[in-house]
Each structure stands twice: as C-alpha cells, then as structure tokens.
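# An overview of the molecular structure
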Amino acid sequence: MELQGKIIAALPERSGVSARGEWKVQEFVLETLDAQYPRKMVFDVFGAERLQRFNIQVGQTVLVAFDIDAHEYNGRWFNSIRAFDVRQVDATQPVAAQASDAVPVSAPQAVGAAPVAAPAEEEVADSPDNLPF
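Quick notes on the rules
Residues numbered from 1 in each chain as written. Predicted model: local features only at pLDDT ≥ 70, side-chain atom pairs only at ≥ 80, totals over all residues. Heavy atoms only, no water. Helix = DSSP H or I, 4+ residues; strand = E, 2+ residues; numbered from the N terminus. Buried < 20%, exposed > 50% of the residue type's maximum accessible area, 1.4 Å probe, protein only. Contact = heavy atoms within 4.5 Å. Areas by Shrake-Rupley, 256 points an atom, 1.4 Å probe, with all protein chains shown as cover. Core = buried A, V, L, I, M, F, W, Y, C linked by side-chain atoms within 4.5 Å. Salt bridge = Lys/Arg side-chain N within 4 Å of Asp/Glu carboxyl O. Phe/Tyr/Trp six-rings, centres within 6.5 Å; stacked < 30°, edge-to-face > 60°. pLDDT = per-residue confidence, 0-100.

The helix and strand tally for the protein stands at 3 helices and 6 strands. The buried share of the protein, taken over its 133 residues, is 23%. In the protein, of all internal contacts separated by at least 6 residues, the share reaching a separation of at least 24 is 49%. Summing over all exposed atoms, the protein offers an accessible surface of approximately 10300 Å²; the carbon and sulfur share of this is 53%.

Given below as structure tokens:
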C-alpha cells in the first residue's frame, strides 16, 4: 500500500539488542494532503540502514510504501504499519499525476441499462444531508 502526505512529527528513535543483534526503529506521523478531510497515520521504519537511507525530516512531503500487520499480546490486538520505502516528492505536483499505477475505477452497470447521470451541482448543494460520503 502507498500513501502520500506531509511528515508532521518524528518520534524519538528506539534501539535495543535481540537474539538477532542490535536493532533501531523510529516512528513518524504522516498527515494526508486532503484539504477538507486530512487523516493522520503513524508508521515505523525498522533498521538503521533504512533510517539513514530514507533520511525522513519533519515538513517533507513523502510517498510511503508500507505493510500492515497485526499481532496479539495478552489477549489484545495491535496494528503495525511498517514502511519499506519512503520517497520524497514535490509537494507542488498534483497527487494524481504522481500515482503512475493509478487506474480509474467506475461502477459496474447492468447490461442494456441506460447510463446514470450525475446530479447537477445545485441539486447536491440543496440536499438536506449534504454529506461527502
């Protein structure tokens, strides 16, 4: 999965020693660039070499490629969002133009059905429950 946004916080780096050797991990907070409904996501980067290679700084606009997993501890479940690639992007470039593998999705229609026209903009504005979803 990939998500683009701005780094708004870099949490303190943590390190330790396990049976496999020394390890380092750092968490970052990303805020999406959606002007009306921005979302935040905390992700971590595991490994000193990745931390050095990505060189993530607060204020950068980045494209984060990550995996989501969950683990159980004492009967409770916790999500883990681990980045495996972080690339700095130009914030002035539109998001759609950067997603080269994005494919437009349209709703399926029944065979022989007439196309459904979208409501006029003034109809949507006058709707009693004018919600974006």
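After that view, the rundown keeps rolling.
If you look at the biggest cluster of nonpolar residues, it comprises 15 residues, and the most contacted ones within it are Phe43, Val45, Ile56, Val64 and Val86. Every element with two or more residues in this core is listed here: strand 3 (21-32), strand 4 (40-46), helix 1 (48-54), strand 5 (61-73) and strand 6 (76-88). Every residue in contact with Val64, bar those within four places of it in the chain, is listed here: Met1, Glu2, Leu3, Leu30, Phe43, Ala83, Asp85 and Val86.

Another point: the pattern of salt bridges. Oppositely charged side chains may form a pair once their charged atoms are brought near each other. Following the criterion strictly, the structure yields 5 salt bridges and no others. The salt bridge involving Glu2 is made with Arg87; its shortest N-O contact spans 3.1 Å. Of this pair, Glu2 sits in strand 1 (residues 2-10) while Arg87 is found in strand 6, placing the two residues 85 residues apart along the sequence. Since its relative accessible area comes to 43%, Glu2 is described here as partly exposed. For Arg87, a relative accessible area of 41% gives the class partly exposed. Here the salt bridges share partners, and the residues they tie into one network are Glu2, Asp85 and Arg87.

Attention now moves to unusual backbone geometry. Unlike most non-glycine residues, Asn55 shows phi in positive territory, near 45°. Looking at the secondary structure, you find Asn55 in the loop between helix 1 and strand 5. Of note, the phi angle at Asn74 is positive, near 55°, even though the residue is not glycine. The residue Asn74 is located in the loop between strand 5 and strand 6 in this model. Here Asn74 falls in the exposed class, since its relative accessible area comes to 64%.

One pass over the structure, following the stated rule, counts 2 aromatic pairs. Here the aromatic rings of Trp23 and Phe46 are separated by 6.2 Å at their centres, their planes lie at 15°, and the arrangement is stacked. Of this pair, Trp23 sits in strand 3 while Phe46 sits in strand 4; the two residues are 23 residues apart in sequence, bridging distant segments of the chain. Of the residues examined, Phe46 reaches a relative accessible area of 33% and is grouped as partly exposed.

Position of Leu33 among the secondary structure elements: in the loop between strand 3 and strand 4. Spatially, the C-alpha atoms of Leu33 and Thr61 are 8.9 Å apart, while their sequence positions differ by 28 residues.

On to the confidence of the model for the protein, then. When pLDDT is averaged along the protein, the result is 80; 68% of the residues meet or exceed 70. For the stretch residues 96-110, pLDDT sits under 50, and the model shows 6 contacts to residues farther than four places along the chain or on other chains. Throughout residues 121-125 the model reports pLDDT below 50, and contacts reaching past four residues in sequence, or to other chains, amount to 3 contacts.

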